[in-house]
Amino acid sequence: MLKQKITPQETAAIKKFFNDCKNVVIVCHTSPDGDAIGSSLGLYEYLRRKGKHVNVIVPNYFPDFLHWMKDADKIILFDRQKTLSHNLIAMADLICCLDFNDLRRIDELGIPIGRAHCRKVLIDHHLNPDKTKFDCCISHPEMSSTSELVFRIIDVIGGKDTLTFAGAEDLYAGMATDTGFFSFNSNDPDIFIIISELLRKGIDKDLINRRIQNNYSADRLKLIGYVLYQKLQVFPDLHASLFAIRKEELAQFRYLKGDMEGIVNMPLQIKGHKLSICLREDTEKPLIRVSTRSVDDFPCNELCAQFFNGGGHKNAAGGTLECTMDEATEIVMKALDAWSDRLKS
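On a predicted model such as this, the values are computed, not experimentally measured, just so you know.

Another aspect to go through is the overall build of the protein chain. What the protein chain contains, in helices and strands, is 13 helices and twelve strands. The C-alpha radius of gyration computed for the protein chain amounts to 20 Å, which stays within 12% of the reference 20 Å derived for 345 residues, consistent with globular compactness. For the protein chain, the share of sequence-separated contacts (at least 6 apart) that also reach a separation of at least 24 residues comes to 66%. In the structure as shown, the protein chain presents an accessible area of about 15600 Å², 48% of it carried by carbon and sulfur atoms. The positive charge centre, built from 44 side chains, and the negative charge centre, built from 47, are 4 Å apart in the protein chain.

Below is the structure:
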């Protein structure tokens, strides 16, 4: 049996909201990852089975390796379909905000969401949620993923039996990607109880893993080789590393959104390594995207909050810098110096 982590107050509120609504909009964060898409489509599938009219709107394009999911082709891209998005948001009587803790995490999409007069629910596992913008805030940073949280909500309100095969696939994919296929942030035994419940729906977890992990182009493999051989800087005394890649370099490998996924984790394979930092020049906006990964007790979310205008989880966080790549690299060096005692210990 799962330990009950959704409070009775949260259960009552979300059950009432789901029962009362007719037109639902689900939104997730900018540059959606596997957990954002998996949790959104998992909730979409559940609410559709309840007879609701549901649309998923995401701020921008999501990686190709997630397009195999059922109804992924029905997801609305706000930056390409603004009129449709505004109309659907205006008609909604419930907006579900998944896998982000602040409307600023959804960029321009946050404006119509913030102005909407309907009920808004936040379902998320990031630290420090802005509860002021929502009628119900179900925030559990201790959970592995928002997909785990969506499963728990469906379970606690009595909807587990109606969860479909497709919905189970979506939630498994979200949990798997947000835990590095259960290699981090996944020591809670309940996670594996949930996986067993999803397996009982008939999903093939091995196939899902291959669909996500083995669904790239040859150019992506060449990009990985280039990053690790040409770009990786290792600081042995600090047990840390950095690689910075510019958009012209990405273009050499016919970069597609998602092609950099997971590369920041690879330096952590170095013995004794604690911290890996990736700087990537955005291909659409004049900014530098920062991704960090760490192990054990090193809090890369605090590092990102202090130096990179960001945050996230203790071992997986990110941010953005509005500067040149050279300036961003200097900021990283200052960050490493400031945290050197923790990194060396």
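Continuing now.
The next subject is helix H3 (residues 82-91). By the burial criterion, the buried members of H3 are Ser 85, Leu 88 and Ile 89. In an axial view of H3, the angular spread of the buried residues amounts to 100°, which keeps them on one side of the axis. Exposed side chains of H3 directed beyond 90 degrees from the buried face belong to Thr 83, Ala 90 and Met 91. Considering only its buried residues, H3 is in contact with strand E1 (23-28), strand E2 (53-58), strand E3 (76-77), strand E4 (94-98) and helix H4 (110-115).

Our focus in this paragraph is the nonpolar core. Generally speaking, a soluble globular protein has its nonpolar side chains buried in company with each other. With 55 residues, the main nonpolar core has Phe 18, Ile 26, Leu 43, Ile 153 and Leu 198 as its most contacted residues. Top contributing element to this core by residue count: helix H2 (residues 34-49), with seven residues. Among residues more than four places away in sequence, those in contact with Phe 18 are Leu 43, Tyr 46, Leu 47, Lys 50, Lys 52, Leu 94, Cys 96, Ile 153 and Ile 157. The next biggest cluster of nonpolar side chains, apart from the first, holds 25 residues, and it includes Leu 238, Leu 279, Val 290 and Trp 339.

So, how was this worked out
- Residues numbered from 1 in each chain as written.
- Predicted model: local features only at pLDDT ≥ 70, side-chain atom pairs only at ≥ 80, totals over all residues.
- Heavy atoms only, no water.
- Helix = DSSP H or I, 4+ residues; strand = E, 2+ residues; numbered from the N terminus.
- Rg over C-alpha atoms; globule rule 2.2 N^0.38 Å.
- Contact = heavy atoms within 4.5 Å.
- Areas by Shrake-Rupley, 256 points an atom, 1.4 Å probe, with all protein chains shown as cover.
- Lys, Arg positive; Asp, Glu negative; His and termini not counted.
- Charge placed at Lys NZ, Arg CZ, Asp CG, Glu CD.
- Buried < 20%, exposed > 50% of the residue type's maximum accessible area, 1.4 Å probe, protein only.
- Arc of directions from axis to C-beta.
- Core = buried A, V, L, I, M, F, W, Y, C linked by side-chain atoms within 4.5 Å.

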